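Architecture and fold: a report
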Amino acid sequence: MKHLCWIIFAVWSCIFTAYPCLAQNNLQSTDNTTIELFHNGKNEVLAKFTLKPDWHIYWSNPGEIGLPTVVKAQNSDIVVINQSVPQIRNIYEVMSEYVYENTAYFELKLDNLQQAEISFDFVECNEVCKPEKLIFNMAELPAADDKLWQEIKNIATATFPQKIELIGSPEQNEIELDTSAEDVKFIPTSQDVIDDETVEISQDKNNVKVKWKPLETKQLKQALIVADDKAYLADINYRQDYLAIIYVIVLAFLGGIILNAMPCVFPILSLKIFTLIKQRKRNKVQARINALLYTLGVLTSFLLLTICLIGLKNSGEAVGWGFQLQSNWFVGTLAAVFLILFLYMMEWIRFPNFANRFIHKAAGFNDFTTGFFAVLVASPCTGPFMGAAIGYAFMRSNVEVFAVFTALALGYALPYALIEMYPQALSRMLPRPGKWMRNVKVILSIPVLLTAVWLGSVWYSQVTDSYLITDNDKNTELNWQPFEPEKIAELNEKNENIFIDFTADWCLTCKFNEKILINTTRFRNFVKQNKVHLFVADLTENNEAYHQALSEYGRDGIPVYIYYSGGKYKILPLFFRISDMEK
C-alpha cells in the first residue's frame, strides 16, 4: 500500500508539472513582450501581444519613426486579416507614431497551418528600442477547444476596426465615408504609399471626404480611418479608369517605337539589315508575309517573357523586365550563338548540306526568328515612355499587363515591318548586286562580334562575381556604395543629397549612360560640390532586394536614376542632365 501511494503521488506530480509546460507551448516572451498564439485547428490563428508597463511596439505603419511589426510564415502563405487599432501618439507636437501598449491582437489566416512556422519581427521601445524576433512552430501547438477559441476571438474582435470597402477615384485619389464624426484621422496601413502632407479631410453633415497624393505610381489599397470612438479598416477599390489605361497603352506603343533607337538594339540592327539586303528582291505578297512573320516573332517573344514575369511574380519571386539576362547560362548560350552567327556571316564556317537544305526550305520563317531573337537581346533596356508604362502595368490586372506589353511589342515591330512591306523602296536606294555586298556583310558582322564579346564579358562577371563593388572600388575618385535602403533612409532623414543608379552589366543603355553622363567631369564636380552620396544597385544577377526597391519606385526595368534632395526624391529622365538634379 505504501509503494502504491508513492506511485500515485509520482504520476500526479508528473501530470501537474508537465501540464504548465504543455500549456506554455503557445507562449513565448522577450524581456518586455509576450506573444501567445491560439488556433482553431483549421486555418485561423490569433496572436495576443502583452507588453510590460511603459513599453510599446509599432503598428504595421509605425508613423514617422519606428519600424513596423511584421508577420511572416514559412511552408505556408499567410495573410493578416485584421489587427487591433493602434494608439496614436504625438511626439514633440510635430511627429506622429502608431503603437501598441499593454495588449494587442493580430488575426491571421494560413493555408497550411500544421506545417507552418510563424515569425514575428518587432521593435520594443521605452527609453531605448530593441529589435526582437519570436518564432512559433505550429505543429507543436495544440488547437484551442471551441469554448476557449470563441472566448479569445470575441475579446480580440472587440479591439479590431470595422472592415469596410470604399470606392476610390484613381484620377483624384479620394474616398468618401458616411459619418457625422467631427475628429477624423486617415492613416495608410503601410509606409511610403502616400505623401502624408497632402492628405486633405473635408467634412459635411453626414459625410467625410478624404483626398491625398500618392507617391509616384503607387496606389493606396488599405487605410485605417479613426472617427471619434469608431475605427474602420477600409479596403479601397478603384474605379476602372479607361482613359488612363488607353493613355498608358499609347505610351507603351510609342516606347516600343523609340526602343529601336536605343543602344541595346544596335547589335541586332546589323542582323536586320543583313536580312533585308539578302531578300530585297521579293514580290509584294512575300514582303507582306515576311513583315507579318517578323511582327509575330516580336509578339511571341514579348508575350512569353511577360508570361514568365507574371508567373515568377505570382510565385513570390522579385524579378524585373530583362530578367532572362540575369541567368549566366542564358547569357553564355547567347554569346555562343552570336559568335556562330559572326563566323557564318564571315563564311568561316558552313553548315552541313542537310542543314542548308532545311534552312532554305524554312527561309520563310527567318523573319519570325529575327523578331523573336531581337526581343531577347533588346528588351532588357527601357526607353522613354517605356519605364513608366511597365511600372504602371505591373500594378494592374494581368489583362492590363498583357495589353500594355502587346502595345509595346507592336510599337517595337512597326518600323522594321514597314520597311519589310515595301522592299522596292530599298531596292531603289541600293546599287546592283556586286562585290560591295560582301564588304557590307563584313562591316555588318562587326557589331555581331562585339555583341558576342560583350555577352562573354557579362557571363564572366556573373560566374566570377567581379561586377560587385569591393573595398578597392571605394577608393576611386567617386565613392560608390552598394545599395542599402536603411542607410539611404538614414541619410535622407538628415536631408543629405543621394544619387542611386539601378544598372547591370548586360544593359547597354546603362553602360552608354555611364560613358556620356556619369563618368564625366561635370557629374564628378556636381557630386563633390553638393556632397552627394552615391549608391549603385547592380542587377547583373538576380537580387530580390534591388528588384523590390525598383518596384517601390514604380519601375520594372533599367536603367533608373533616383536623386534625393531636401528629404524628397525624384526619378530622373533616362538621359538626364545635371540641371535635372539642380532643380
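Rules used throughout
- Residues numbered from 1 in each chain as written.
- Predicted model: local features only at pLDDT ≥ 70, side-chain atom pairs only at ≥ 80, totals over all residues.
- Heavy atoms only, no water.
- Helix = DSSP H or I, 4+ residues; strand = E, 2+ residues; numbered from the N terminus.
- Buried < 20%, exposed > 50% of the residue type's maximum accessible area, 1.4 Å probe, protein only.
- Contact = heavy atoms within 4.5 Å.
- Areas by Shrake-Rupley, 256 points an atom, 1.4 Å probe, with all protein chains shown as cover.
- Pairing = 2+ DSSP bridges.
- Axes fitted to C-alpha atoms, helices over the stretch in contact; angles between N-to-C directions.
- Patch = residues over 30% accessible without salt bridge, like charges linked within 9 Å, V, L, I, M, F, W, Y side chains within 5 Å.
- Salt bridge = Lys/Arg side-chain N within 4 Å of Asp/Glu carboxyl O.
- Lys, Arg positive; Asp, Glu negative; His and termini not counted.
- Charge placed at Lys NZ, Arg CZ, Asp CG, Glu CD.
- Arc of directions from axis to C-beta.
- Phe/Tyr/Trp six-rings, centres within 6.5 Å; stacked < 30°, edge-to-face > 60°.
- Disulfide = S-S within 2.5 Å.
- Core = buried A, V, L, I, M, F, W, Y, C linked by side-chain atoms within 4.5 Å.
- pLDDT = per-residue confidence, 0-100.
- Polar contact = N/O pair within 3.5 Å; in protein donor to acceptor, adjacent residues only side chain to side chain.

The next thing to look at is the overall build of the protein. Of regular secondary structure, the protein possesses 17 helices and 23 strands. By residue count, 46% of the 583 residues in the protein fall in the buried class. Pairs at least 24 residues apart make up 73% of the contacts formed inside the protein by residues separated by at least 6 positions. Summed over its atoms, the accessible surface of the protein is roughly 30,600 Å², and 57% of this surface lies on carbon and sulfur atoms.

Ordered by their spatial adjacency, 5 strands build an open sheet running β19-β21-β20-β22-β23, and the pairing between neighbours is mixed. The open sheet has two edge strands, β19 (480-482) and β23 (568-571), and neither has a second partner. With direction set aside, neighbouring strand axes in the sheet form an average angle of 25 degrees. The sheet contact formed by strand β20 (residues 498-503) and strand β22 (residues 560-565) spans 5 bridges and is antiparallel.

Turning to the environment of N398, a few remarks are in order. With respect to the secondary-structure elements, N398 resides in helix α10 (residues 398-421). Taking the C-alpha atoms as reference points, N398 and T306, separated by 92 residues in sequence, lie 9.7 Å from one another.

Summarising the element assignment, N492 is placed in helix α13 (residues 485-493). Excluding its chain neighbours within four sequence positions, the residues that come into contact with N492 are I498, Y564, G567 and K568.

Moving on: a negative patch on the surface. Side chains of E64, D192, D196, E197 and E552 sit close together on the surface and give a patch of like negative charge. As for its position among the elements, D196 is in strand β15 (residues 194-203).

Next up on the list: α13. Taken together, the buried positions of α13 are occupied by I488, L491 and N492. Along the axis of α13, the buried positions cluster into a sector of 100 degrees, meaning they face one direction only. Exposed residues lying more than 90 degrees from the buried face of α13 are E486 and E493. Of the surrounding elements, those touching the buried residues of α13 are β20, β21 (533-538), β22 and β23. Directly beyond the C-terminal end of α13, a positive phi value near 60 degrees is found at N495.

Two measures describe an aromatic ring pair: the distance that separates the ring centres and the angle between the ring planes. In this structure the tally under the stated criterion is 21 aromatic pairs. Through pairs of rings, three or more aromatic residues link up here, namely F49, Y100, F106, F120, F122 and F136.

Applying the stated criterion across every chain yields a total of 1 disulfide. The partner cysteine of C125 in its disulfide is C129, sulfur to sulfur 2.0 Å. Taking the torsion about the S-S bond as the criterion, the C125 to C129 disulfide, at about 120 degrees, is right-handed.

Its place among the elements puts N542 in the loop between β21 and α16 (544-552). Along the backbone, N542 and S327 are 215 residues apart, and their C-alpha atoms lie at a distance of 7.9 Å.

Grouped together as the largest cluster of nonpolar side chains are 36 residues, with contacts concentrated most on F483, I500, F502, I558 and I562. At the level of secondary structure, the elements contributing two or more residues to this core comprise α6 (328-345), α12 (435-464), α13, β20, α14 (508-518), β21, α16 and β22. Counting residues per element, this core draws most heavily on α6, at 6 residues. In contact with I562, not counting residues within four places along its chain, are I498, F499, I500, F502, Y553, Y569, K570 and I571. With 28 residues, the next largest nonpolar core counts L37, A104, M138 and I187 among its residues.

Okay, the confidence of the model for the protein next. The share of residues in the protein with pLDDT of 70 or more is 75%, and the mean pLDDT across the chain is 79. Here residues 9-23 scores under 50 on pLDDT; set against residues more than four positions off or in separate chains, the count is 0 contacts. Confidence drops under pLDDT 50 across residues 471-475; counting only partners more than four residues distant or on other chains, this segment forms 5 contacts.

With respect to the helices and strands, the residue N61 is situated in strand β4 (residues 56-63). Assessed through its relative accessible area of 7%, N61 is described here as buried. A distance of 2.9 Å separates the side chain of N61 from the backbone oxygen of P188, its partner in a polar contact. For N61, the contacting residues outside a window of four places in its chain are Y98, I187, P188, T189, S190 and Q191.

On to the pattern of salt bridges. For the structure on display, the rule yields 10 salt bridges. When the shortest N-O distance is used, the salt bridge between E44 and K153 registers 3.0 Å. Of the two residues, E44 is situated in strand β3 (residues 44-51) and K153 in helix α2 (residues 146-157); the sequence distance between them amounts to 109 residues. Residue E44 is classed as partly exposed on the basis of its relative accessible area, which comes to 22%. By relative accessible area, K153 is classed as partly exposed at 22%. A network of salt bridges, in which partner residues are shared, links D31, E124 and K130.

To continue, consider the sheet that holds strand β18 (residues 230-238). The mixed open sheet is built from 4 strands, whose spatial order is β12-β18-β17-β14. Only two strands of the sheet have a single neighbouring strand rather than two, namely β12 (162-168) and β14 (184-188). The average angle at which neighbouring strand axes cross in this sheet is 30 degrees, direction not considered. Relative to strand β17 (residues 222-227), β14 runs antiparallel, the two being bridged by 5 bridges. Of the residues in β17, the one forming a bridge with V184 is A227.

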